[in-house]
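Residue-level listing of the chains:
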Amino acid sequence: MADVALRASGLYKRFGGLSAVADVSIDVHVGEIHAVIGPNGAGKSTLINLLSGELLANGGAIMLGAADITRLPPDRRARHGLGRAYQKTTIFQEFTVHENVRLAAQARSPKPLRMFGQAAADAGVRDMAAQAIARVGLAAQAQTVASVLSHGEQRQLEIAMVLATDPRIILLDEPLAGMGQAESRDIINLISSLKAGRAVLLVEHDMDAVFELADRLTVMHNGRVIAVGTPHEVRTHPAVRAAYLGDHGDAA
Amino acid sequence: MRNWLVPAALVACAIALPFAAPTYYVQFVSKAFIMGILAMGLNLAVGHGGMVSLCHAAFFGLAGYILALLSPGYDAASLLLTLPAAMAAAAIAALVIGALALRTRGVYFIMVTLAFGEMLFFLFHDTGIAGGSDGAYVNAKPEIAIAGYRLLDLASPAAFYFVVLAFLIATIAVLTMLVRSPFGHALAAARDNERRARSLGFPIYRLRLIAFVISGAIAGLAGYFAAAQFGFVAPQMLGWHLSATVLVMVLIGGLRSVTGPLIGALVLIGLEEVLKASTDYWKLAEGLIVIAIVLALLGGVRQLWPMIFGARPDAPPSRRAASPVAEGHNG
Amino acid sequence: MDLVTFGVQLLNAVQYGMVLFLVASGLTLVFGILGVINLAHGAFYMLGAYLAYWIAAYTGSFWIAMVAGVAIAFVVGLVLESVFIRRLYGRDHLVQVLLSFGLILVIDEVREILFGKDVHSVAPPAWLAGSIQLTDNLSYPVYRLAICGFCMIVAALIFLVITRTKIGMIVRAGAENREMTRVLGIRFDVVNRYVFAVGIALAALGGIVIAPISTVFPGMGDGMLILSFVVVVLGGIGSVAGAAVGALLIGLTDTFGKVFFPSVSSILIYVLMAMVLLWRPNGILGRREV
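This one's a predicted model, so the numbers in the text were calculated from it and none came from an experiment.

1. Some remarks on the overall build of chain B
- Looking only at helices and strands, chain B has 15 helices and four strands in total.
- Counting only residues that meet the buried cut, chain B has 54% of its 331 residues in that class.
- Sequence separation of at least 24 residues holds for 75% of the intrachain contacts in chain B that already meet a minimum separation of 6.

Structure representation (structure tokens):
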């Protein structure tokens, strides 16, 4: 199989006495979209926060390629090649699309905190940003202030920012939440194009989209992994049907 | 062309001042410029970095004390030696206080900076260093001398004024460069959305600490010249009332611009001068004016502020400058 | 240090800590519930002490001074909340800092107009004025013991109100979940107004009870403000129990610091604060954020 971009093994996260994530292992390969699904409260959000570094695990290990990132803070993980797009749109509302993406590209540039010269003048960073903006189809809105973009466009911008950091793995947290049919279509196409040359970990509630996009799935229930496999394997897995898909018969 | 015309005219006026105005006003403007340097330095932390610091007076006063302590009796100290030493001391204090305070956020940060600032105040107030609560004199103004020949003697008010003016312009240049640099943009990003900035890979703590230290060093620059001008240092120089007063200057001038706080300093110091001359209860009046300014800003004058006091359109990503809504109001 | 001296110092530490707690609990309540950082808190401590001096001088009764002083502070708190403070809810901390700084300037000057800037002292109530003879040459003022007892009663009342009453539930819910209280249909504006007034009254009360053992002087508010901040940083913001822990820690550190390390005693509490910041940046009883 292709090389492993991200491998988490035996992750635990407890809040007080409650285990939000228990003994979760997952690997995401370059060139694949790996979806994590599960009912509400299954621990998906906690898992993604553990992987991105916003929460630190109580146990287990996370490897990004050959690097052990288990104890690293989010910014160090990002510099190791982990990119995250957020569930709630958390771009810089007051900046233009270009400035948002330019900042993302700057974060990954060799000297992200350079004190000399104008930020806007760095050609390498600017090109990287322009490419990412074009890639998600926002070129026409590059000079628009982020806060006036439509909901779908803000999601595109989120993804452009992640792309501009040139990550080896992208964590996508419910990229389709709150979107209409037509908008969803564009984002689904965009997501399916992301896996070329990198790994994508997708957390999403829209089951149609998940089964269309995912190469492999991990199913979580009550903080534990109950099944891993291809969409077909997962669809027919008895534990999954019992725990989760029973009331989503149309998706299964 | 108009871009440089206004600043050039202002600099020309500033250079002409000592030739046109009485010494009192030259000294007064020197003092206002020194406070302007302090306010602009503070604003790097507050406006650009989102760190509301209440300990910058401590950096300001510390640098002043360094000059007092390094001044040899009744002779003049060497500016080339004592100024870097004073700024370095302020920077080191900012590094230590910032390293601790930046482990916290928001209101904690304010309280921690206030407390550590007061610690420095008590250090000079309660111990025998440089006269304790009585303060100490800087008997002779610093000079630049080579082999006994004085190149520059700050004892002349005009010479002092020009040196301060030069450092004022240098401060504006350095801050403008910083704010427009990748560093400045990252700092603004961390201010507006810390979590997102971190997830992009910006080391927020280091970023803010660097900004805080630079900001503290600039406060030290101002404190050095303040001590040189007054010829006297006292613990009150480090007290947090001064920090808060400078924050008022920053708020008047506009948080997102480089030179706004300078204007704020000129306005507030001019105001104080007028109030002191006209009423015994000038502090009461100043307090009421501060409250009025804050309430006015809360009431929506805030949108007008940058238009009056110039948040520059080429300044880094700024709420007002970038907002098409605000532009809509203009047009 | 023999046992009796140690005991005396310990009493001093507790008494100092309890007064600190009174003042700091007001500050932490106001921040925890209103989300407002009030730099003028120390000014009300100072004002309380001056009111105690002034009213006691006119009436000759410390008790009248105490009741009237607290009542005046409470009313001033109600007025200030409805005129100024309520405009600060949900605003930048910077704006809150500067508005309360403006209030400090005004209060300081009003104090100077009303009371001047002289240093005053206040006599404790006659029946508390004596001392208890501990050993042949060591005695302890009854008034200090009374402060300990009084502050403990007030502290117990605060805890009772917060943990046992409906108002306390609102207060806790407000501190922990503003949205929830809104859903419950609680009159936030009314709660806020009284919480602020109580906070101010606690600061003034601290100033009143301290007046007979300390001197009443213009700068006393500033020092107390800083100490209250250190208490809140140590204990964890919004936590009344944290304020109690922080206040006692400072009482102990300061009192025994003066005994054992007199030359550096004034910076010891800041060293303590630095250590707590390194250990638990959100305070000893503060919520841990990840």
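Back to the write-up after that little detour.
2. Remarks on the overall build of chain C
- On a plain count of helices and strands, chain C comes out with eleven helices and two strands.
- The C-alpha radius of gyration computed for chain C amounts to 19 Å, which stays within 12% of the reference 19 Å derived for 290 residues, consistent with globular compactness.
- With the C-alpha coordinates of chain C rotated into their principal frame, the extents come out at 65 × 50 × 35 Å.
- Within the span of chain C, comprising 290 residues, buried residues form 50% of the whole.
- Considering only contacts within chain C whose residues lie at least 6 apart along the sequence, 76% involve residues at least 24 apart.

3. Here's the deal with the environment of A:His34
Residues and elements named next belong to chain A.
- Of note, His34 is situated in strand S3 (residues 33-37).
- Here His34 falls in the buried class, since 23 other C-beta atoms lie within 10 Å of it.
- A sequence separation of 23 residues divides His34 from Leu11, and the C-alpha atoms of the two residues are 17 Å apart.
- The residues contacting His34, other than those within four sequence positions of it, are Val28, Val200, Leu201, Leu202, Ala214, Asp215, Arg216 and Thr218.

4. A few points about the confidence of the model for chain B
- Per-residue pLDDT for chain B averages 85, and the proportion of residues at 70 or more is 89%.
- Put simply, helix H15 (residues 324-330) of chain B is where chain B has its lowest mean pLDDT, 32, and helix H9 (residues 204-230) of chain B is where it has its highest, 96.

5. Things to note about the interface of chain C and chain B
- Between chain C and chain B, the contact holds 31 residues from the first and 35 residues from the second.
- For the side of chain C that touches chain B, the secondary structure elements donating two or more residues are helix H4 (93-115), helix H9 (220-235) and helix H11 (265-279) of chain C.
- At 14 residues, the largest contribution of residues to the side of chain C that touches chain B is made by H4(C).
- Its residues assigned to classes, the side of chain C that touches chain B shows 24 nonpolar, three polar and four charged.

6. Description of the packing of helix H2 (residues 23-48) of chain B against helix H6 (residues 157-180) of chain B
Residues and elements named next belong to chain B.
- For the pair H2 and H6, interaxial distance at closest approach is 9 Å and the crossing angle is 20°. On the basis of their axis angle, the class for H2 and H6 is roughly parallel. Relative to H6, H2 is oriented so that their crossing is left-handed.
- Taken together, the residues that form the contact of H2 with H6 break down as 19 nonpolar, seven polar and no charged.

7. Quick look at the nonpolar core
- Formed by 292 residues in total, the largest nonpolar core has its most connected members in B:Ala90, B:Ala115 and C:Ala204.
- The two domains that each donate at least three residues to this core are domain 1 (1-81 + 169-252) and domain 2 (92-166) of chain A.
- Ignoring anything within four residues of it in the chain, the contact list for B:Ala90 reads B:Phe59, B:Leu62, B:Ala63, B:Gly216, B:Ala217, B:Ala219, B:Gly220 and B:Gly223.

8. Focus on helix H3 (residues 97-108) of chain A
- Along its twelve residues, H3(A) runs 17 Å from first to last C-alpha, staying within 8% of the 16 Å computed at 1.5 Å per residue.
- Taken across its twelve residues, H3(A) has eleven buried, putting it largely inside the fold.
- Within H3(A) the residues assigned to the buried category are A:Val97, A:His98, A:Glu99, A:Asn100, A:Val101, A:Arg102, A:Leu103, A:Ala104, A:Ala105, A:Gln106 and A:Ala107.
- Here the buried face of H3(A) lies against helix H2 (74-79), helix H4 (123-136) and helix H5 (151-164) of chain A together with helix H7 (182-192) and helix H8 (194-200) of chain B.

9. A look at H6(B)
- End to end, H6(B) covers 34 Å across 24 residues, agreeing with the expected 34 Å (1.5 Å per residue, within 8%).
- Turning to H6(B), its buried residues number three or more, namely B:Phe160, B:Tyr161, B:Val163, B:Val164, B:Leu168, B:Thr171, B:Leu175, B:Leu178, B:Val179 and B:Arg180.

10. Considering the pairing of strand S3 (residues 149-153) of chain B
Residue and element names in this part refer to chain B.
- Of all five residues in S3, zero are buried, a share of ten percent or less.
- Bridge analysis of strand S2 (residues 143-146) against S3 gives four bridges, and the strand direction is antiparallel. Its bridge partner being in S3, Glu143 is matched across the sheet by Asp153.

11. Section: the environment of B:Ala91
All names here are of chain B.
- Within the element layout of this structure, Ala91 appears in helix H4 (residues 79-101).
- By C-beta crowding, Ala91 is classed as buried, having 22 other C-beta atoms within 10 Å.
- Separated by 86 residues in the primary sequence, Ala91 and Leu5 have C-alpha atoms spaced 35 Å apart.
- Filtering out sequence-adjacent residues up to four positions away, Ala91 remains in contact with Val213, Gly216, Ala217 and Gly220.

12. A word on the sheet that holds strand S4 (residues 59-64) of chain A
Residues and elements named next belong to chain A.
- Sheet architecture is open: four strands sit in the order S2-S1-S4-S5, paired in antiparallel fashion. Because the sheet does not close on itself, it has two edges, and the strands there are strand S2 (18-29) and strand S5 (67-68).
- Of the strand pairs in this sheet, strand S1 (residues 4-15) and S4 are connected by five bridges, and their pairing is antiparallel. Looking at S4, one finds that Arg7 is bridged to Met63.

13. Concerning the sheet that holds strand S10 (residues 224-229) of chain A
All names here are of chain A.
- An order of S6-S7-S8-S3-S9-S10 is seen for the six strands of this open sheet, with the pairing classed as mixed. Every interior strand has two partners, whereas the edge strands, strand S6 (82-85) and S10, have only one. Neighbour to neighbour, the strand axes of the sheet diverge by 20° on average, direction disregarded.
- As paired strands, strand S7 (residues 169-173) and strand S8 (residues 199-203) are joined by five bridges and run parallel to one another. Bridge assignment links Leu172 to a residue of S8, and that residue is Leu202.
- In the packing of helix H1 (residues 44-52) onto the sheet, contacts are made with S3, S6, S7, S8 and strand S9 (216-221), and the angle to S7 comes to roughly 150°.
- Set on the sheet, H5 makes contact with S6 and S7; between it and S6 the angle comes to about 170°.

14. Here's the deal with the pairing of S2(A)
All names here are of chain A.
- Where S1 lies against S2, eight bridges are found, and the strand directions are antiparallel. Paired with Leu11 across the strands is Val24, a residue of S2.
- Here S1 folds back onto S2 in antiparallel fashion, the turn holding two residues, of which Gly16 has a positive phi close to 60°.

15. Here's the deal with unusual backbone geometry
Residue and element names in this part refer to chain A.
- With a phi close to 50°, Asp23 is a non-glycine residue in the positive phi region.
- With respect to the helices, strands and loops of the structure, Asp23 is situated in strand S2.
- Note on Asp23: 14 C-beta atoms within 10 Å, which makes it partly exposed.
- Residues other than glycine seldom take positive phi values, yet Glu174 does so here, at roughly 45°.
- Tracing the chain through its elements places Glu174 in the loop between S7 and helix H6 (181-194).
- Judged by local crowding, Glu174 falls into the buried class, with 20 C-beta atoms found within 10 Å.

16. Some remarks on the packing of helix H3 (residues 56-70) of chain B against H9(B)
All names here are of chain B.
- Contact pair H3 / H9: the axes reach a minimum separation of 7 Å and the direction vectors enclose 50°. Taken together, the axis directions place H3 and H9 in an arrangement best described as oblique. Crossing angle aside, the handedness with which H3 passes H9 is right-handed. Contact residues: H3 offers His56, Phe59, Phe60, Gly61, Leu62, Ala63, Gly64, Leu67 and Ala68, while H9 offers Gly216, Ala219, Gly220, Ala222, Gly223, Tyr224, Ala226, Ala227 and Ala228.

Rules behind the numbers
Residues numbered from 1 in each chain as written. Chains lettered and ligands numbered in written order. Predicted model: local features only at pLDDT ≥ 70, side-chain atom pairs only at ≥ 80, totals over all residues. Helix = DSSP H or I, 4+ residues; strand = E, 2+ residues; numbered from the N terminus. Buried ≥ 20, exposed ≤ 12 C-beta atoms within 10 Å, placed from the backbone. Contact = placed C-beta atoms within 7 Å. Rg over C-alpha atoms; globule rule 2.2 N^0.38 Å. pLDDT = per-residue confidence, 0-100. Nonpolar A, V, L, I, M, F, W, Y, C, P; charged D, E, K, R; others polar. Axes fitted to C-alpha atoms, helices over the stretch in contact; angles between N-to-C directions. Parallel < 35°, antiparallel > 145°, perpendicular 65-115°, else oblique. Left-handed = near helix turned anticlockwise from the far one by under 90°. Core = buried A, V, L, I, M, F, W, Y, C linked by C-beta atoms within 7 Å. Domains from an automatic or database assignment. Expected span 1.5 Å × (residues − 1). Pairing = 2+ DSSP bridges.

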